[in-house]
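Report on the structure
Spelled out from the first residue to the last, the chains are:
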Amino acid sequence: MRYVKLLVTLGLVAAAAVGCGDDRAPAGNSVRDVDTAERARRVATAWEGSEAARVWRQGYYPLGDAVQLPDGAFHNDADKRAYATQNFQLRTHLPDTAKKQAKVRWRDGDSLTLPLTSARAAYDKLDRGENPGPALTVTGARLGSMTVLTSRGKATVPAWLFTVKGYDTPLKRVAITPSKRPPSPIGAVQQETDELVPLSGLKTVAQDGRTLTVLAKHGACDDGPAVDVLETGKSVVLSASIRGTSDGPCTSQSLTEKVTVKLRRPVGERMLLDAFTGRPVPYGEPYSASPSWR
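Values in this document were obtained by computation on a predicted structure and should not be read as measured data.

**Notes on the overall build of the protein**
Within the protein one finds four helices and 15 strands. Residues counted as buried form 47% of the 294 residues belonging to the protein. Sequence-distant contacts in the protein: of pairs separated by 6 or more residues, those separated by 24 or more amount to 76%.

Pasting the structure below:
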């Protein structure tokens, strides 16, 4: 096992920290005030060979955006703002489909059948703005497919292809829901400390598979977050902490910052685990148009 200290911080993206789902771990496995390195090792060991790991490796868990933008997006600042504020206008009839299920297909030939999301449900995940600002106009929709990076590598998944006024290619939105996450074989740490806090999510995985960008929280009166990484043959355990905290007066503001993590080798099909929660790190910013796990 390899344990490396990483202290790489990028620009702020102000947001509140968000929980990782409702899959609760057994309370009897909870721990308090455990050394960070030891906690990471315990999380890796708990998942190794567990039933939860077996279920995970058979499921569909995306590590990429649920949305793929049209080519050339965006033409102007108004369109960019419309997407950022999730402001859409529907100028077409959304199709119904008799299909209730669809398949995820991986490049190694494996496949998985999951419930199909309706065009209306997919559109509603895009259009949450309801404000008088600029909007993107949807003029058509059809069922197609797109490629998404998952915990099992790249996969072809069903997607709704929305025609957007002014663009030659469609905006694609995944048309299935990720598999249910299995209960963790180890409980979460009971209390946050500067030495260990939960991650807010996974932002990106680079093409080389060795560079991750995660979302880590911190306060207004510190030096920002840091992320340690423990790599094993089956998992990558990420431990988030807060650096340089002050004992003086400070606001209770919570910020989320992007942190770049460099791995020794590509993540591949190894599990990305959060040392604090003991669970897989969820993908995506929670209130954007493209989170895959929310």
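**Section: the environment of Thr-36**
Looking at the secondary structure, you find Thr-36 in helix H1 (residues 36–47). Sequence separation of Thr-36 and Phe-276 is 240 residues, and the distance between their C-alpha atoms is 9.0 Å.

**As for the environment of Pro-70**
Of note, Pro-70 is situated in the loop between strand E3 (67–68) and helix H3 (77–84). Judged by relative accessible area, Pro-70 falls into the buried class, the value being 7%. Residues within four places of Pro-70 in sequence aside, it is in contact with Tyr-167, Thr-169, Pro-170 and Leu-171.

**Quick notes on empty space enclosed by the protein**
Regions of empty space are outlined by a rolling probe, equal in size to a water molecule, passed over the atoms. Tallying each qualifying case throughout the model produces two cavities of 30 Å³ or more. In this structure, the largest cavity encloses a volume near 60 Å³. In this structure, the largest cavity is lined by 10 residues; those nearest its centre are Trp-56, Leu-63, Ser-151, Arg-270 and Leu-272. Residue classes in the lining of the largest cavity are distributed as seven nonpolar, two polar and one charged. Of the volumes computed, that of the second largest cavity is approximately 50 Å³. In this structure, the second largest cavity is lined by Ala-44, Trp-47, Glu-48, Gly-49, Ala-53, Arg-57, Lys-234, Ser-235 and Met-271. Elements with a contribution of two residues or more to the lining of the second largest cavity: H1 and helix H2 (51–58).

**Points about the packing of aromatic side chains**
Evaluation of the coordinates by the stated rule reveals four aromatic pairs. With centroids separated by 5.4 Å and ring planes inclined at 35°, the aromatic side chains of Phe-74 and Tyr-83 adopt a geometry described as tilted. The class for Phe-74 is partly exposed, based on a relative accessible area of 22%. Put simply, the rings of Phe-88, Tyr-123 and Phe-162 touch in pairs and so form one group of aromatic residues.

**Concerning H1**
When the terminal C-alpha atoms of H1 are compared, their 17 Å separation across 12 residues agrees well with the 16 Å that a helix rising 1.5 Å per residue should span. If you check which residues of H1 are buried, you get Thr-36, Ala-37, Arg-39, Ala-40, Val-43, Ala-44 and Trp-47. Here the buried residues of H1 occupy an arc of 165° about the axis, which is enough to place them on one side. Between a side-chain oxygen at the N-terminus of H1 and the backbone nitrogen of Ala-37 the separation is 3.2 Å; the capping residue is Asp-35.

**A look at the pairing of strand E7 (residues 136–150)**
Bridge analysis of strand E4 (residues 88–90) against E7 gives three bridges, and the strand direction is parallel. Bridge pairing in E7 places Phe-88 opposite Leu-136. Once E7 ends, the chain turns through two residues before running back antiparallel as strand E8 (residues 153–164).

**Focus: helix H4 (residues 119–126)**
Considered for burial, the residues of H4 that qualify are Ala-119, Ala-122, Tyr-123 and Leu-126. Take H4 and look down its axis: the buried residues cluster within an arc of 100°, on one side only. Buried-residue contacts for H4 involve E3, E4, E7, E8 and strand E9 (171–174).

**Some words on the confidence of the model for the protein**
Mean pLDDT for the protein: 84, with 81% of residues reaching 70 or above. This stretch, residues 1–33, has a pLDDT under 50; its non-local contacts, to residues over four places away or in other chains, come to 94 contacts.

**As for the pairing of strand E12 (residues 225–231)**
Of all seven residues making up E12, seven are buried, and the element is well covered by its neighbours. By the alternation rule, side chains of E12 split into Pro-225, Val-227, Val-229 and Glu-231 and Ala-226, Asp-228 and Leu-230, which are all buried. Relative to strand E13 (residues 235–242), E12 runs antiparallel, the two sharing seven bridges. Residue pairing across strands places Val-229 opposite Leu-238, the latter belonging to E13. Here E12 folds back onto E13 in antiparallel fashion, the turn holding three residues.

Calculation criteria
Residues numbered from 1 in each chain as written. Predicted model: local features only at pLDDT ≥ 70, side-chain atom pairs only at ≥ 80, totals over all residues. Heavy atoms only, no water. Helix = DSSP H or I, 4+ residues; strand = E, 2+ residues; numbered from the N terminus. Buried < 20%, exposed > 50% of the residue type's maximum accessible area, 1.4 Å probe, protein only. Contact = heavy atoms within 4.5 Å. 1 Å grid on protein atoms, 1.4 Å probe; cavity = no way out; pocket = protein on both sides within 12 Å on 5 of 7 lines; lining within 4 Å. Points joined across faces, edges and corners; volume = space filled by probe spheres on them. Nonpolar A, V, L, I, M, F, W, Y, C, P; charged D, E, K, R; others polar. Phe/Tyr/Trp six-rings, centres within 6.5 Å; stacked < 30°, edge-to-face > 60°. Expected span 1.5 Å × (residues − 1). Arc of directions from axis to C-beta. Polar contact = N/O pair within 3.5 Å; in protein donor to acceptor, adjacent residues only side chain to side chain. Pairing = 2+ DSSP bridges. pLDDT = per-residue confidence, 0-100.

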